[in-house]
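# Breakdown of the fold
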Amino acid sequence: MSFRTSLESRKKRIDTRLAELLQTSTPEFSGLYEAMNYSLNAGGKRIRPVLFLAVLEAAGTDPDAFLDLACALECVHSYSLIHDDLPAMDNDDFRRGKPTNHKVYGDGTAVLAGDGLLTYAFELMAAQSAAPAHKILQAIRIFAHAAGPAGMVGGQYFDLQSEGGVPTRAAMELMHRSKTGVIFTAIVQMAALLAGVRNETMKALTTYGDQLGLAFQITDDILDVVGSEKEMGKPVGSDEKNHKTTYVSLLGVEGAREEAKQTTARALAALQEFDENAEFLRQLVIYLEQRVQ
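What this report covers is the structure whose coordinates are included nearby. Since the model is a prediction, treat every value here as computed from it, not as a measurement.

## Brief notes about the overall build of the protein chain
Check the secondary structure of the protein chain and you find 14 helices and two strands. For 293 residues, the compact-globule estimate of 2.2 N^0.38 gives 19 Å, and the C-alpha radius of gyration of the protein chain, at 18 Å, lies within 12% of that figure. Seen through its principal axes, the protein chain has C-alpha atoms that stretch 55 × 45 × 35 Å. Out of the 293 residues in the protein chain, the part that is buried amounts to 52%. A separation of at least 24 residues holds for 72% of the contacts in the protein chain among residues at least 6 apart in sequence. Each charge sign in the protein chain was given a centre, from 29 positive and 38 negative side chains, and these centres are 2 Å apart.

Take a look at the structure:
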C-alpha cells in the first residue's frame, strides 16, 4: 500500500468517527452543534490524530482502542481554527475551501462553537478507558499544557502582539514552536506514554515530534506563497496580508525549502533505531517536505 493510500485510509477512519460524535438531544442547542460540526467535519489533513495513532503503532500498541482520544485532538485543532479566523484575530473568510465559521453562523456562535469543541475534547480524553487512569491523567496534563497559555494560546497571543513589529528569527521560532510545534511534540509524548515506551524511546520520539512540527510549519509558510487556493483551502498570501513573520519572509522561498529539508533529515534520524512499524512516521515527514519541492 502506498503512503498516500495509507494516509487517506487513516484519515477516512478518523472522519467517520468524528461525524458520529457531536450529537444533542436538546433542540434548543441544535444550532450550536451544527456550528461545531460544520468546522469539525469540513475536511482537512487530520495530521494530528493520524500522528497520534501512528506513534502508538510504531511503539507496538494497537491504536484502535484510542480512536476517540485521537478525535479529541482534532476537536482542539478545529476550535483553534475557528477562533484564529475571527475578525479579532486573523479575520479570514475561508477555511478548507468553505466560508469560515463566523461567516456562516456569526461571531458569537463561532466563539461558542470553538469553546464547545475545546471542552468536549477533554470530556473525550477523560472518558478513555483503554489505559490505566493515571496514564490518561498524565496524557491529559501533557496536552492541556501544550494547548494552553504556556503553549498554543500563548503563541497566538504573541502572534497578535507581534504584527507589524521588527521580525527576528528568534521571535518567529518562539511563535511557531508555541502555536504549532508544542502540539506535535505533546501528541507524540502522549502516544509514547500510553504505549509505555522506555525513556530512550520517548526521547527519540519527542525529537521526531519536535522536528515534524517544525517541518509542518515551514512547509505551510512556503505553501502560503507558492501553493494554490485549492491546495490550501483558503486564499494564498494570507501571511503577507496579515503582516506575519514566517520562514519565507525571513529566509526566502529557497532558504525555507532548505530549512525544511534539514528538518526532515533530523526527524528521520530520530527514528533510526525503530523497525518497520515506524515506516508510516518516516513517510509522513517526507510527504510534508515533498509538498514544497
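## Brief notes about helix H14 (residues 279–290)
A rise of 1.5 Å per residue sets the reference length of H14, with its twelve residues, at 16 Å; its end C-alpha atoms lie 16 Å apart and thus fit the reference within 8%. Burial in H14 covers these residues: Phe280, Leu281, Arg282, Leu284, Val285, Tyr287, Leu288 and Glu289. For H14, the elements touching its buried residues are helix H1 (3–21), helix H3 (47–58), helix H10 (199–226) and helix H13 (247–270).

## So, the packing of helix H8 (residues 152–162) against helix H9 (residues 169–195)
Packing of H8 against H9 leaves a shortest axis separation of 8 Å and a crossing angle of 150°. Considering how the two elements wind past one another, H8 and H9 form a crossing that is left-handed. Together, Met152, Gly155, Gln156, Phe158, Asp159 and Ser162 of H8 and Ala171, Leu174, Met175, Ser178, Lys179, Val182 and Ile183 of H9 make up the contact between the two elements. Split into classes, the residues belonging to the contact of H8 with H9 amount to seven nonpolar, four polar and two charged.

## Focus: the packing of aromatic side chains
Counted by the stated rule, this structure contains five aromatic pairs. Relative to Phe143, the ring of Phe122 has its centre 6.4 Å away and its plane inclined at 50°; by these criteria the two rings are tilted. In this pair, Phe122 is assigned in helix H6 (residues 107–126) and Phe143 in helix H7 (residues 133–147), connecting sequence segments 21 residues apart. Judged by centre distance (5.3 Å) and plane angle (40°), the ring pair of Phe184 and Phe216 falls under tilted. Of this pair, Phe184 sits in helix H9 while Phe216 sits in helix H10; the two residues are 32 residues apart in sequence, bridging distant segments of the chain. Linked through ring pairs, Phe3, Phe280 and Tyr287 together constitute an aromatic cluster. If you follow Arg10 out to its NZ or CZ, it ends over the ring of Phe280, 3.8 Å from the centre. The residue whose ring lies beneath Arg48 is Phe216, and the NZ or CZ to ring-centre distance is 5.3 Å.

## Re the side chain of Arg291
Within the element layout of this structure, Arg291 appears in the segment after H14. It turns out Arg291 is buried and unbridged, and the closest side chain with the opposite charge, Asp220, is 4.7 Å from it. At a separation of 3.0 Å, a polar atom in the side chain of Arg291 contacts the side chain of Thr219. Beyond its immediate sequence surroundings of up to four residues, Arg291 is in contact with Lys45, Phe216, Thr219, Asp220 and Leu223.

## Quick notes on the pattern of salt bridges
Considering all chains together, one arrives at 17 salt bridges under this definition. Of the charged contacts, one joins Glu173 and Arg169 as a salt bridge, the two residues approaching to 2.7 Å between their closest N and O atoms. Taken together, the residues span about one helical turn, with Glu173 and Arg169 both in helix H9 at a distance of four residues. Judged by relative accessible area, Arg169 falls into the partly exposed class, the value being 32%. For Glu254, the salt bridge goes to Arg257, with nearest N and O atoms at 2.6 Å. Of this pair, Glu254 and Arg257 are both found in helix H13, three residues apart, which corresponds to roughly one turn of the helix. We classify Glu254 as exposed; its relative accessible area is 55%. Each of Lys11, Asp15, Arg46, Glu74 and Arg96 takes part in salt bridges that share partners, so that together they form one network.

Scoring rules and cut-offs
Residues numbered from 1 in each chain as written. Predicted model: local features only at pLDDT ≥ 70, side-chain atom pairs only at ≥ 80, totals over all residues. Heavy atoms only, no water. Helix = DSSP H or I, 4+ residues; strand = E, 2+ residues; numbered from the N terminus. Rg over C-alpha atoms; globule rule 2.2 N^0.38 Å. Buried < 20%, exposed > 50% of the residue type's maximum accessible area, 1.4 Å probe, protein only. Contact = heavy atoms within 4.5 Å. Lys, Arg positive; Asp, Glu negative; His and termini not counted. Charge placed at Lys NZ, Arg CZ, Asp CG, Glu CD. Expected span 1.5 Å × (residues − 1). Axes fitted to C-alpha atoms, helices over the stretch in contact; angles between N-to-C directions. Left-handed = near helix turned anticlockwise from the far one by under 90°. Nonpolar A, V, L, I, M, F, W, Y, C, P; charged D, E, K, R; others polar. Phe/Tyr/Trp six-rings, centres within 6.5 Å; stacked < 30°, edge-to-face > 60°. Lys NZ or Arg CZ within 6 Å of the ring centre and 35° of its normal. Salt bridge = Lys/Arg side-chain N within 4 Å of Asp/Glu carboxyl O. Polar contact = N/O pair within 3.5 Å; in protein donor to acceptor, adjacent residues only side chain to side chain.

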